[in-house]
Amino acid sequence: MKKVIIIGGGAAGMAAAVFAAEAGLEVELFEKNEKLGKKLYITGKGRCNFTNVCTPDEFLENVVSNPKFMYSSINRFTSRDTVGLFERLGLKTKVERGRRAFPASDHSSDVIRALAGRIKALGVKVHLNTEIRKCPLPDEETAVIVATGGLSYPSTGSTGDGYRFAEKTGHRVTKTFPALVPLIAKEAFIPEMQGLSLKNVRLTFKKGKKKLFSEFGELLFTHCGISGPLALSASSYLAKILPEEELTAELDLKPALSDEQIRARLLREKDNNPELSFKNMIGALLPSKMIPVFVRQTGIDPDRKAKSLDTAGLETAAGLLRSFRFTVTAAASFSEAVITQGGVSVKDINPKTMESKVIPGLYFAGEVLDVDALTGGYNLQIAWSTAFAAASAIAEK
Ligand SMILES: Cc1cc2nc3c(=O)[nH]c(=O)nc-3n(C[C@H](O)[C@H](O)[C@H](O)COP(=O)(O)OP(=O)(O)OC[C@H]3O[C@@H](n4cnc5c(N)ncnc54)[C@H](O)[C@@H]3O)c2cc1C
């Protein structure tokens, strides 16, 4: 192979252009937007958490869909290689809490500049404002890489074109769902807690007896449901179920305390403050925005004196602290989703090279593939590793 056509100038397409041109291939890059890396610009709240500095095994633990497919490409191009790549391109980097890597400047534009600068220096032919409508097919001389992204934040150019290209060329495309997305809840009390951020809580979802998700962390109530790290992570595990059925969210408000410790704590509050109203007594254990909602859920008169609370009342309050429930009816839409779950079926792609098993010479890289991960820099690492696998396989052909 002498030449590569890359469709999509996002994270995967830009990286593939750098790797392919550095390997001596002639590269043409097509991007429908007026500039490269439009989605990269908004990543990490404008700071671009471009990878997670972890081992390949730790990386794979954070991949939600088809982690096995990523085994080869992440071992060949690891998150340390990503940091090395950007440092080599002149970007100063830093690692923050949770091993998250960012540009030292905190500006995602510097990540784009590093890649775009290298693309220019290598003489890649970049065609901006050029939307590819029909997927070009590879021939003896020219390979094609489809790096058109998914469906999330369509305003950045990711409108699912790659799925259509894949289907038209005989590939299977699995159903797509918004993931890493806020969740919508039914109860009328939810908007009352809008803006409330809860730290150190446990969020659990079950289907029958099966635990679908149970993690400890931070949660935010919105005007119509929940967001924040716990809700986003949960959405990735519930994405395929929520379109079919509602699920009960169980919020453990005191995960560090045993049932016994919660009971003892309530008794202590009661004994120490006998004249306090129930709402003020329970208020010692809850953030203020939650108190009226919580009290209503117990069914106990908010003005009832603490001293008059019986065992049943205390048990109800203890039970609610352990499991505050509400109903999640849906995930928010693609316009709010960080990532797309589903995409070009990994069954039709060689995991070592990203080459199609249906059409030799045609490659797929990045979010267009049916691979997605949790937040923390893992999704961009998928883009870098799959781009490297594709570009180096073409160069070696
Ligand atoms: C708000 C937000 C924050 C995020 N933050 C992070 C983060 O901090 N860390 C992280 O790891 N991940 C993050 N992600 C996820 C990350 O952005 C994606 O995983 C990554 O951008 C996928 O790269 P990609 O190249 O496959 O697709 P994209 O970056 O979406 O690029 C695809 C490109 O292809 C172009 N294109 C599409 N169709 C055509 C066509 N027909 N012709 C020509 N061009 C076309 C598009 O215009 C686009 O530029 C975030 C996502 C969002 C939405």
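Cut-offs and rules
Here the residue numbers are simple positions, counted from 1 along each chain's written sequence. Only residues with pLDDT of at least 70 get local features here, since the model is predicted, and only at 80 or more are side-chain atom pairs given and counted; chain-wide, interface and lining totals rely on the full set of residues. With hydrogens and water excluded, all non-hydrogen atoms of the structure serve as input to the side-chain values. Aromatic contacts are taken between Phe, Tyr and Trp rings whose centres are within 6.5 Å, Trp giving its six-membered ring; a plane angle under 30 degrees counts as stacked, one over 60 as edge-to-face, and the others as tilted. The helix count covers DSSP runs of H or I at least four residues long, the strand count covers runs of E at least two residues long, and both are numbered beginning at the N terminus. Under the scheme applied here, a residue whose accessible area is under 20% of the maximum for its type counts as buried, over 50% as exposed, and between as partly exposed, the area being computed with a 1.4 Å probe on protein chains only. Throughout, a residue-residue contact means that at least one pair of heavy atoms, one from each residue, lies within 4.5 Å. When DSSP finds at least two bridges between two strands, those strands are taken to pair. Only C-alpha atoms enter the line fits that serve as axes; for helices the fit covers just the stretch in contact. Angles between N-to-C directions range over 0 to 180 degrees.

Peer 1: I tried to follow the packing of aromatic side chains on my own but got confused; where do I start?
Peer 2: For any pair of aromatic rings, geometry is given as the distance between the ring centres together with the angle between the planes. All told, the structure shown has 11 aromatic pairs when counted by the stated rule. With a centroid separation of 5.2 Å and an interplanar angle of 65°, the aromatic rings of Phe19 and Phe77 are classed as edge-to-face. Here Phe19 is found in helix H1 (residues 11-22), whereas its partner Phe77 is found in the loop between helix H4 (67-76) and helix H5 (79-88), with 58 residues between them in sequence. By relative accessible area, Phe77 is classed as buried at 6%. The structure contains a cluster of three or more aromatic residues connected by ring pairs, namely Phe189, Phe221, Phe294, Phe324 and Phe326.

Peer 1: Would you mind going over the environment of Ala114 with me for this structure?
Peer 2: You can see Ala114 is positioned in helix H6 (residues 108-121). On the basis of relative accessible area, Ala114 is assigned to the buried category, the value being 10%. C-alpha of Ala114 to C-alpha of Val181: the two residues are 67 residues apart in sequence and 29 Å apart in space. Apart from the residues within four sequence positions on either side, Ala114 is in contact with Phe86, Leu89 and Leu91.

Peer 1: It is not clear to me how the sheet that holds strand S14 (residues 247-252) should be interpreted in this structure. Could you clarify?
Peer 2: Backbone-to-backbone hydrogen bonds join strands into a sheet, with any given pair of strands oriented parallel or antiparallel. The six strands lie next to each other as S10-S13-S12-S11-S14-S15, forming a closed barrel whose pairing is antiparallel. On average, adjacent strands in this sheet sit at an angle of 45° to one another, irrespective of strand direction. One ladder, built from two bridges, connects strand S12 (residues 210-221) with strand S13 (residues 225-227); its direction is antiparallel. The residue bridging Leu220 from the neighbouring strand is Ser227, located in S13. Contacting strand S10 (183-185), strand S11 (197-207), S12, S13 and S14, helix H8 (residues 228-238) runs over the sheet at an angle of about 150° to S12.

All we've got here are geometric facts, nothing functional implied.
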